[in-house]
Amino acid sequence: HEAALAYQSKADWLETLGEQSNHEEIMKLYEYTRYLLSIVCSKEATITHYKNFALVHSRIAARYMQNESDESVEKALEYYGAAEEILREMVNQYPVKETRLSLARVLRRIGNVYVDRGSDTFLHKAITYYEEAYEILQNTFEDKYEPECIDEMIDMHSCLGFAYSACNEQMYLKKSFEHYEKGY
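A. Expanded view of the overall build of the protein chain. Scanning the protein chain from terminus to terminus reveals 8 helices and 0 strands. Traced from its N-terminal end to its C-terminal end, the protein chain shows the element sequence α-α-α-α-α-α-α-α. In terms of overall size, the protein chain behaves like a compact globule, its C-alpha atoms giving a radius of gyration of 17 Å where 184 residues would be expected to give roughly 16 Å. Here the protein chain holds 184 residues, and the buried ones make up 41% of them. Counting contacts in the protein chain only where the partners sit at least 6 residues apart, residues at least 24 apart contribute 58% of the total. If the 20 positive side-chain charges of the protein chain are averaged to one point and the 32 negative ones to another, these points end up 3 Å apart.

Rendered as structure tokens:
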């Protein structure tokens, strides 16, 4: 587990440099981290191992999203989907606020991918993910804006407000205004 985190830390550090020339090296480091964590999770899975395993999937997906080709977007959805699956299992095994918050974040990111694709079909998919993420946040934090969820709740209101307004459907306009208002 420590070796995997060392590779992930190096990738994170390279990512902070922000140079595109490091993209391939960063991807290799994240992929190796994912490989090592898959071995760890198959043998001695703890909440920390699962969390890191889901996190590295999300980071790989985010790297794919930097390239807006259809192929890269599909790869991003594949990795976000894997992170979602891991986090759903975590929520079942460890139903604590932290795991639910992590699941809501990944669902929001999947929704963001669909919003970026732009068509009404994709916007409706985005709304489905956003609504589930929002419901998880509401049920977990019961509309009490605790420090660990404030940013995520604001992001969710903004995402839902935008997606509802982008649909250009009358039934969504009121919802759009409600979420924009709650987010600000």
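Past the structure itself, the notes keep going.
B. Up close: the packing of helix H4 (residues 70-93) against helix H5 (residues 97-117). Look at H4 against H5: their axes get within 9 Å of each other, and the N-to-C directions meet at 160°. Judged by the angle between their axes, H4 and H5 are roughly antiparallel. For the pair H4 and H5, the crossing hand works out as left-handed. Counting all contacts with H4, which are made through Asp-70, Val-73, Glu-74, Leu-77, Tyr-80, Gly-81, Ala-83, Glu-84, Leu-87, Arg-88, Met-90 and Val-91, the residues of H5 involved are Thr-99, Arg-100, Ser-102, Leu-103, Val-106, Leu-107, Arg-109, Ile-110, Val-113, Tyr-114 and Arg-117.

C. Inspection of the pattern of salt bridges at higher detail. Tallied over the entire structure, the rule returns 11 salt bridges. Of the charged contacts in the structure, one is a salt bridge between Glu-25 and Lys-10, with a shortest N-O distance of 3.7 Å. Placement of Glu-25 in helix H2 (residues 23-44) and of Lys-10 in helix H1 (residues 2-17) is noted, with a sequence separation of 15 residues between them. Using a relative accessible area of 41% as the deciding quantity, one classes Lys-10 as partly exposed. Arg-88 serves as the salt-bridge partner of Glu-84, at 2.9 Å between the closest nitrogen and oxygen. A residue pair is termed a helical-turn pair when its members lie 3 or 4 positions apart in one helix, as Glu-84 and Arg-88 do in helix H4 at 4 residues. Using a relative accessible area of 13% as the deciding quantity, one classes Glu-84 as buried. According to the relative accessible area criterion, Arg-88 is partly exposed, its value standing at 29%.

D. Region of the structure containing the environment of Leu-77. With respect to the element layout, Leu-77 can be found in helix H4. For Leu-77, a relative accessible area of 14% puts it in the buried group. Separated by 34 residues in sequence, Leu-77 and Gly-111 place their C-alpha atoms 9.8 Å apart. Leaving out residues up to four positions away in the same chain, Leu-77 has contacts with Ile-110, Val-113, Tyr-114 and Arg-117.

E. Spatial organisation of H4. Taking 1.5 Å per residue, 24 residues should reach 34 Å; H4 reaches 35 Å between its end C-alpha atoms and fits that length. Those residues of H4 lying buried are Ser-72, Val-73, Ala-76, Leu-77, Tyr-79, Tyr-80, Ala-83, Glu-84, Ile-86, Leu-87, Met-90 and Val-91. Where the residues of H4 are buried, they touch H2, helix H3 (47-65), H5 and helix H6 (120-141).

Rules used throughout
- Residues numbered from 1 in each chain as written.
- Predicted model: local features only at pLDDT ≥ 70, side-chain atom pairs only at ≥ 80, totals over all residues.
- Heavy atoms only, no water.
- Helix = DSSP H or I, 4+ residues; strand = E, 2+ residues; numbered from the N terminus.
- Rg over C-alpha atoms; globule rule 2.2 N^0.38 Å.
- Buried < 20%, exposed > 50% of the residue type's maximum accessible area, 1.4 Å probe, protein only.
- Contact = heavy atoms within 4.5 Å.
- Lys, Arg positive; Asp, Glu negative; His and termini not counted.
- Charge placed at Lys NZ, Arg CZ, Asp CG, Glu CD.
- Axes fitted to C-alpha atoms, helices over the stretch in contact; angles between N-to-C directions.
- Parallel < 35°, antiparallel > 145°, perpendicular 65-115°, else oblique.
- Left-handed = near helix turned anticlockwise from the far one by under 90°.
- Salt bridge = Lys/Arg side-chain N within 4 Å of Asp/Glu carboxyl O.
- Expected span 1.5 Å × (residues − 1).

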